[in-house]
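# Analysis of the macromolecular model
One-letter residues, chain by chain:
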Amino acid sequence: MTDSERRTERRLERAILDLLEKRGPAATICPSDAARAVHEGDDDGWRALMEPARGAARRLVATGEVEITQGGHVVDPAKARGPIRIRRTR
């Protein structure tokens, strides 16, 4: 992994935490929210950051800072398929 990729990972993790901080305690965000926040540009280049954003969310789950949900229920990040939401750990 390059230094640039590591910096992007850290920026995505920070974006997730910052976005959740700005919302209510029960609020959720989509990984695309973090990808858009980190993407530098006004095109759809943020889409390339979707999987890295999901990875950032999984790392934050591992540290106990967030939960990943589907259909309002906490799911195992390793088993989550399809759209996910991210929320603060309850």
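Remember, it's a predicted structure, so these values are computed and weren't measured experimentally. (Residues numbered from 1 in each chain as written. Predicted model: local features only at pLDDT ≥ 70, side-chain atom pairs only at ≥ 80, totals over all residues. Heavy atoms only, no water.)

## Side note on the packing of helix α1 (residues 3-21) against helix α3 (residues 50-62)
- Orientation of α1 relative to α3, taken along the N-to-C sense of each, is 70°, at an axis distance of 9 Å. Regarding the angle of α1 to α3, the classification is roughly perpendicular. For the pair α1 and α3, the sense of crossing is right-handed. Contacts between α1 and α3 pair E9, L12, E13, I16 and L17 from the former with P52, A53, A56, A57, R59 and L60 from the latter.
- Grouping the amino acids of the contact of α1 with α3 by side-chain chemistry returns eight nonpolar, no polar and three charged. (Axes fitted to C-alpha atoms, helices over the stretch in contact; angles between N-to-C directions. Helix = DSSP H or I, 4+ residues; strand = E, 2+ residues; numbered from the N terminus. Parallel < 35°, antiparallel > 145°, perpendicular 65-115°, else oblique. Left-handed = near helix turned anticlockwise from the far one by under 90°. Contact = heavy atoms within 4.5 Å. Nonpolar A, V, L, I, M, F, W, Y, C, P; charged D, E, K, R; others polar.)

## Some details on the confidence of the model for the protein chain
- On average, residues of the protein chain score 95 in pLDDT, and 100% of them reach the 70 mark or higher.
- Between the elements of the protein chain, mean pLDDT differs from a low of 96, seen in strand β3 (residues 73-74), to a high of 98, seen in strand β1 (residues 28-29). (pLDDT = per-residue confidence, 0-100.)

## Focus: the side chain of S32
- Relative to the helices and strands, S32 resides in helix α2 (residues 31-38).
- Beyond its immediate chain neighbours, meaning those up to four positions away, S32 contacts W46 and M50.

## With respect to the side chain of H39
- Structurally, H39 can be placed in the loop between α2 and α3.
- In terms of polar contacts, H39 uses its side chain to reach the side chain of D43, at 2.6 Å.
- Setting aside residues up to four positions removed in sequence, H39 forms contacts with G45, W46 and L49. (Polar contact = N/O pair within 3.5 Å; in protein donor to acceptor, adjacent residues only side chain to side chain.)

## Details of the environment of A27
- Counting through the fold element by element, A27 comes out in the loop between α1 and β1.
- Sequence spacing of A27 and R88 is 61 residues, and the spatial spacing of their C-alpha atoms is 7.9 Å.
- Excluding its chain neighbours within four sequence positions, the residues that come into contact with A27 are L20, I86 and R87.

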